[in-house]
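# Geometric and topological summary
Each chain, written out:
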Amino acid sequence: MTTTLDRIAPFKNEAIKAFTDPADAAAMEAALKEVKAGFGRFYPLVIGGERIETQKRIRSINPAAPSEIVGEVASASATDAQRAIDAAQRAFESWRAVPARERAEFLFKAASLIRERRFLYDALLVYEVGKSWPEADADVAEAIDFLEFYAREILRYAQPQPITPMAGEENELVYIPLGVGVVIPPWNFAAAIAIGMTSAAIVAGNTVVLKPSSDSAVTAAWFVDLMHEIGLPPGVLNFLPGSGSEIGDLIVAHPKVRFVSFTGSKEVGLHINELAAKPEKGQRWIKRVVAEMGGKDAIVVAADADVDAAVEGIAVSAFGFQGQKCSACSRAIIEEPIYDTFLEKLRARVAKITVGNPSERGTYMGPVVNAKALDSIERYIEIGKKEGRLIAGGKRAEGEGYFLEPTVIADVSRDAKIAQEEIFGPVLAVIKARDFEDALAIANDTEFGLTGSVYTSDEKKIERAKDAFFVGNLYFNRKSTGAMVGVHPFGGFNMSGTDSKAGGRDYLLLYLQAKSVARKI
Ligand code: NAD
């Protein structure tokens, strides 16, 4: 039997631009100008398809030049939040009945429109969250991948599902949506994660209240506008920016909300999980919580490893996007025989990293996202200077923005604060291990379990690490960042989250429930 899915080309990852092609570079320069010309624009709430202005507003600033306002976004009140949930509930009644093929079509259309406007999205990410050109493009490419991947996935789940036949009965198993969902993304993959979580929920037949991060609310607003431009029915996707303290708890605890899809810090994730677990008056279900949280990711370098390759992988994993990736390497764990050689080579490599305004093409590291993050990271650097030996960076870098030098602290003990707590900035702790077993034990000795990488040429060590290194995404002889949709389904263990895998074949199940139907014949 040929199905709709068979007629669609297999999923393929979008290629990421390195901007070595002069045509790409010129298009990016033009897009940066165009986006800058639109700075300061106001983005209203979108509730039930209606655009609503508010007195209170969120200012999204350019972290490389904080006096520049990228956009002003409405800030929702408790009344707005209630209205958004009501609108999503009304829309669910019809959206859940829209065939999967039609729902998938919205995602395919969105992917193709974002592809057309790719440089504009890239430019927005450069300004709103301080990504370098290639980092911004990788974020947008991942967003396109999520749309393409989840569109195909719903078609797979909509096909007849394999069940054991039984004489005298006609049986089937169908996947149906859950209801109204609250989607709460972080700012660090401002396009990919916001678009990925939202599109997965919608394509599965749910309706969504999207509460973006205040640091990336303009990027989220662009996506919401794009979905309405392509004709998404009113109320399916409601845009509800606002302060966590004013509307966060309200939307998470609301009895009409069926699920919460969150990506962010451990602290906020645990709070949401706890709040959502308590049924409110009139609530008819146990809320489902998908919470993707932080990491304290390690790269282990074995004594037999190619040290130059390890240095390169660690530098890129630790300092790409200023270390503000959940998959970033924040601990380098090095076997004793090569420890000193590694440190020397790492120091030389880090010295080559450029810090500056990411709107300039050659910049590798831009600013950290906001003043609060800058303060918090600087505090960790001060702690780190006492916990170890500063061998690179340690200070603010020049410029009006929130710039920090790439910072390396060596001789850190495994239980030091900077070896245990997520810093979420360009700070790397280097830890010496007695041998490979000791290195693995150190790597596992945190409450997180998100990504990890091992550099070795020894097959036995690879087998041992495959079994013993307890992380959701394990890599060998490569960086710990840069998971690709479909290729490396992404998500971690322990306090890194609820063990889900974004961009994997199980992911849509988190937004569906299965109904078994039996008919006597
Ligand atoms: P955060 O926890 O501060 O915020 C995440 C989101 O939660 C934001 O939209 C924020 O506005 C919202 N929020 C805050 N308080 C809330 C409340 N009381 N109720 C409801 N919503 C509330 O995280 P962040 O700074 O945006 O992102 C960085 C964190 O995200 C890091 O810890 C990083 O490791 C993690 N992260 C994890 C993954 C993953 O896949 N595991 C991916 C990206 C980022």
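This paragraph deals with the pattern of salt bridges. Pairs can form between side chains of opposite charge whenever their charged atoms are close. Tallying each qualifying case throughout the model produces 35 salt bridges. In this structure, Glu50 and Arg83 form a salt bridge, with 3.7 Å as the shortest nitrogen-oxygen distance. On the criterion of sequence distance, the pair formed by Glu50 in strand 3 (residues 50–52) and Arg83 in helix 2 (residues 78–95) is long-range, its members being 33 residues apart. By relative accessible area, Arg83 is classed as partly exposed at 36%. The salt bridge partner of Glu382 is Lys385, with a shortest N-O separation of 3.0 Å. Of this pair, Glu382 and Lys385 are both found in helix 12 (residues 371–387), three residues apart, which corresponds to roughly one turn of the helix. Given the relative accessible area of 36%, Lys385 is considered partly exposed. Taken together, the shared-partner salt bridges in this structure form one network comprising Glu14, Arg115, Arg118, Asp137, Glu148 and Arg152.

Taken together, the neighbourhood of the ligand is formed by 27 residues, with Pro185, Trp187, Ser265, Met293 and Glu422 sitting nearest. The side chain of Ser265 places a nitrogen or oxygen atom 2.6 Å from an oxygen atom of the ligand. Here a nitrogen atom of the ligand and a backbone polar atom of Met293 are 2.7 Å apart. Its free accessible area being 850 Å², the ligand has 86% of it covered by the protein chains.

Let us look at the nonpolar core. Considering soluble globular proteins, one finds that nonpolar side chains tend to be buried as a cluster. Ranked by size, the top nonpolar core spans 118 residues in total, and within it Ile114, Tyr150, Ile154, Met227, Leu237 and Ile333 carry the most contacts. With 13 residues, helix 5 (residues 133–158) is the single largest residue contributor to this core. Each of domain 1 (22–293 + 499–520) and domain 2 (297–485) gives at least three residues to this core. With near-sequence residues (within four places) excluded, Ile154 lies in contact with Ala100, Arg103, Ala104, Val203, Ala204, Leu508 and Leu512.

This next bit is on the domain arrangement of the protein chain. What the domain assignment lists for the protein chain is domain 1 (22–293 + 499–520) and domain 2 (297–485). Centre-to-centre, using C-alpha coordinates, domain 1 lies 31 Å away from domain 2. The interface is formed by 28 residues belonging to domain 1 together with 30 residues belonging to domain 2. Across the domain 1 to domain 2 interface the summed buried area is about 2400 Å²; carbon plus sulfur atoms make up 61%. At the boundary of domain 1 with domain 2, the tally comes to two salt bridges. Between Lys266 and Glu447 there is a salt bridge; the shortest N-O distance is 2.7 Å. Between the two partners, domain 1 and domain 2, sit twelve residue pairs in polar contact (both at pLDDT 80 or more). Residue assignment for the side of domain 1 that touches domain 2 shows that the elements contributing at least two residues are helix 1 (22–37), strand 5 (65–74), helix 4 (118–129) and helix 5. Of the residues assigned to the side of domain 1 that touches domain 2, the class counts are 16 nonpolar, five polar and seven charged.

The rules behind each value
- Residues numbered from 1 in each chain as written.
- Predicted model: local features only at pLDDT ≥ 70, side-chain atom pairs only at ≥ 80, totals over all residues.
- Heavy atoms only, no water.
- Salt bridge = Lys/Arg side-chain N within 4 Å of Asp/Glu carboxyl O.
- Helix = DSSP H or I, 4+ residues; strand = E, 2+ residues; numbered from the N terminus.
- Buried < 20%, exposed > 50% of the residue type's maximum accessible area, 1.4 Å probe, protein only.
- Near = heavy atom within 4 Å.
- Polar contact = N/O pair within 3.5 Å; in protein donor to acceptor, adjacent residues only side chain to side chain.
- Areas by Shrake-Rupley, 256 points an atom, 1.4 Å probe, with all protein chains shown as cover.
- Core = buried A, V, L, I, M, F, W, Y, C linked by side-chain atoms within 4.5 Å.
- Domains from an automatic or database assignment.
- Contact = heavy atoms within 4.5 Å.
- Buried area = accessible area lost by both parts, 1.4 Å probe.
- Nonpolar A, V, L, I, M, F, W, Y, C, P; charged D, E, K, R; others polar.

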